[in-house]
Structure formats: C-alpha cells, structure tokens
Amino acid sequence: AKSSGKGRYETFQPSHHAAHLERERLLADLYQALDRQELVLHYQPIVDLASATTSGYEALVRWQHPTHGLVPPARFIALAEDSGLIVPIGRWVLREATRQAAAWQRPDGSGPRMSVNVSVRQFQHPSLVGDVAEALDRSGLDPRRLTLEITESLLVQDAAATTGKLEEVKDLGVRLALDDFGTGYSSLGYLRRFPIDVLKIDKSFVDGVATSPEDHAVIGAIVQLGQTLGLDLVAEGIETADELAALRGLGVGYGQGYHLGRPLPAAAHEEAVHQKAVH
Ligand code: C2E
Ligand code: CA
Ligand code: CA
Ligand code: CA
C-alpha cells in the first residue's frame, strides 16, 4: 500500500481495497495453479484461406479455477507477468503445446503447425532459448512446425539484446510471428531488422475490412508489404463471411477467428486433424 500522497486515500477506498484483495487472492492461487494442474490449453485453427484447410493451431491458455470457473488469460497473464510466474507458466505452455502438436503429426511427416504466445518478460528471461529447445527435444516436434508469437512491444525495448535473442531462437529452426501487427509503435524498419516470418494483422483492422475503405486499404498495403518482404500473413478475429470474403479478395494467405473456428480443447479438434489433409 502507498504510504504518502494522494494514493493513501485511494488505498482506503473500499472498492480499491476489495480489488487489491481480490488480486492478492488470485495471485496466491496462481502460484498453486501449475502444481494443481489447473491450466489448460485451448486451440484455435489457423486456416489457409485459398484452400479453406486448417494449416495449424494457436495455443491459448485458460485457468480452470476451483471456484471462479474457466478464467480467461486477460484476467491472469498480466498478473503472471508482474509476479514473474509467466516464466514457469510459459514453460508449461511450450511443453504442452509442442507435445500436442507432435501427437497430431502424421506418419508421412505432415501435420498442423503450432503457434505459442510468448510474452515480453518470458522472452527476456535467460531461460527462454533453453525452454524452447527443451520443449522441442522432449516432444520430438519438427522445429519448423513451431511458431512463436511475439509482440511489437518487445521489439521497441532493447533492440540489440532483442535481435541477438531472436537470432538464437531462429537458430533452433522455429518461425517467428509478430502478433497484433499494426497496433504497436514499431516502425516498418523493424520488419527488416528482425527475423520475422509471419505478420498477424490485428483484429481492429479486420473488423472494418468489409465496411471501411480505410481499413480495407490498410490491409491491402500490409499484403503488399508481406509480398515484398516475403512474410506470411494471418488475419486475426474474422467474425463474418463478409470479412472472410474481403480478406480472400485482398490475397491474405491465412485467417483466424470465430467465423472459422473458436478456441477449443484439443479433443474437439481430433477428428479434423485426422480426417483433413493438413499440410
Ligand atoms: P492474442 O494472442 O491476440 O489471441 C487472440 C485472442 O482473440 C484470443 O483471446 C482469442 O480467443 C480471441 N479471438 C479469436 N478469434 C476471435 C474473434 O473472431 N473475435 C474475438 N472477439 N476474439 C477472437 P484469449 O484466448 O482470451 O487470449 C487473449 C490474449 O491472452 C492473447 O491475445 C494473448 O495475448 C494472451 N495469451 C493467451 N494465451 C497465452 C499464453 O499461453 N501465453 C501468453 N504469454 N499469453 C497468452
Ligand atoms: Ca497470439
Ligand atoms: Ca493477436
Ligand atoms: Ca468483426
């Protein structure tokens, strides 16, 4: 609690006090969540828009809390980052997602890709490269089938240290995606400087692609950029058939969103993984 200044009074407001307590309780529970095996991954399909086939899945973490039910990442990832718990949690996510992806590979060597979110603090932790290497090793997953999703906020931090680390990760053979592209502060120069393979076009642009000429033009420009720089594009948060049609028309390669498939437990995808030709 703050001991002086304006904050002192804020601290004693009952609503702030309650929110603080709630946060402390949630954090105490989060410390136990891994040991109690309360974290689960849901998987959302990433679809090849030209062929309408699933090319891979993004792993999205949820917390099956004993009393709060299924807690979304928005309610605990920031807490995990602040407390440093994101490192062991992220390590678990890497292990579990690569294990699942390996289980989904076919005898002929084809199978879905797997995307894993890596937050800034997790990326900057000294164990990151070892954690990725270990997850690949334990699972036996072909490194080219794993994509790590990072955000622009990472790229604007310590550029020299970040470049080195990104190169180290790339040396493992995995792919790198820039998540929420278009929402951060990064200049386009970053795209040349960093070894990025995929841009994930933020939902905020996708929302307007079928209705706003400006958003349509912005995505058109990103498509050209992607072609020039040799980057794959994934449009995020596709919710309607009109959005899907507009994105296909613009030549966006891949898409993700409730219209194409919601994040679901692995078991819900088994049939699709084993029936469709997934490349
Ligand atoms: P994100 O990486 O941008 O993931 C996309 C989010 O959008 C997911 O929310 C997904 O469920 C949601 N989404 C997908 N399609 C649609 C759509 O059509 N409409 C709408 N409205 N939403 C859609 P979710 O699962 O709640 O995750 C939120 C954020 O939490 C993620 O955003 C990511 O930043 C973070 N996160 C999730 N899992 C992990 C993880 O394992 N590690 C880390 N570090 N962060 C994670
Ligand atoms: Ca993501
Ligand atoms: Ca995103
Ligand atoms: Ca929309």
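Here the structure is shown first, and the text comes after it.
Since this is a predicted model, take the numbers as computed values, not measurements. (Residues numbered from 1 in each chain as written. Chains lettered and ligands numbered in written order. Predicted model: local features only at pLDDT ≥ 70, side-chain atom pairs only at ≥ 80, totals over all residues. Heavy atoms only, no water.)

Student: Any details on the pattern of salt bridges? Residues and values, ideally.
Tutor: Summed over all chains, the structure comprises twelve salt bridges. A salt bridge links D207 to K203, with the shortest nitrogen-to-oxygen separation between them at 2.9 Å. For D207, a relative accessible area of 35% gives the class partly exposed. Judged by relative accessible area, which is 30%, K203 ranks as partly exposed. A cluster of three or more residues bridged by salt bridges with shared partners is formed by E58, E149 and K200. (Salt bridge = Lys/Arg side-chain N within 4 Å of Asp/Glu carboxyl O. Buried < 20%, exposed > 50% of the residue type's maximum accessible area, 1.4 Å probe, protein only.)

Student: How would you sum up the coordination of the calcium ion (ligand 2)? Please name residues and give values.
Tutor: For the calcium ion (ligand 2), the full set of protein donor atoms is E58 (OE), N117 (OD1), E149 (OE) and D179 (OD), at a range of 2.1 to 2.3 Å. Spacing between the donor residues of the calcium ion (ligand 2) along the chain follows E-x58-N-x31-E-x29-D. Separating the calcium ion (ligand 2) from the calcium ion (ligand 3) is a distance of 4.1 Å, and D179 supplies a donor atom to each of them. One end of the pair, E149, is in strand β5 (residues 146-151); the other, D179, is in strand β6 (residues 175-181), and 30 residues separate them in sequence. (Donors = N, O, S within 2.8 Å, 3.2 Å for Na, K, Ca; no water. Helix = DSSP H or I, 4+ residues; strand = E, 2+ residues; numbered from the N terminus.)

Student: Summarise the site of ligand 1; cite the residues concerned and give the values.
Tutor: Taken together, 21 residues sit near ligand 1, with R62, N117, D179, E239 and Y258 positioned nearest. D179 places a polar side-chain atom, nitrogen or oxygen, 3.0 Å from an oxygen atom of ligand 1. A distance of 2.8 Å separates an oxygen atom of ligand 1 from a polar atom in the backbone of Y258. Its free accessible area being 800 Å², ligand 1 has 78% of it covered by the protein chains. For the shell around ligand 1, a count of residues per class yields nine nonpolar, five polar and seven charged. (Near = heavy atom within 4 Å. Polar contact = N/O pair within 3.5 Å; in protein donor to acceptor, adjacent residues only side chain to side chain. Areas by Shrake-Rupley, 256 points an atom, 1.4 Å probe, with all protein chains shown as cover. Nonpolar A, V, L, I, M, F, W, Y, C, P; charged D, E, K, R; others polar.)

Student: A description of the pairing of strand β4 (residues 113-117) should follow, citing residues and the corresponding values.
Tutor: As defined by bridge partners, strand β2 (residues 53-65) adjoins β4 across four bridges and the pair is classed as parallel. Bridged to A59 within β4 is V116. Sheet analysis places β4 next to β5, joined by four bridges and oriented parallel. The partner of N117 across the bridge, within β5, is E149. (Pairing = 2+ DSSP bridges.)

Student: Any chance you could break down the pairing of strand β7 (residues 198-201) for me, citing the residues and the numbers?
Tutor: Burial of the side chains of β7 extends over both faces: V198 and K200 are buried on one face and L199 and I201 on the other. As paired strands, β6 and β7 are joined by three bridges and run parallel to one another. Across the sheet, residue F181 finds its bridge partner in β7, namely I201. Bridge count for β7 against strand β8 (residues 232-235) is four bridges, and the pairing is parallel. Note that in β8 the partner of I201 across the bridge is A235.

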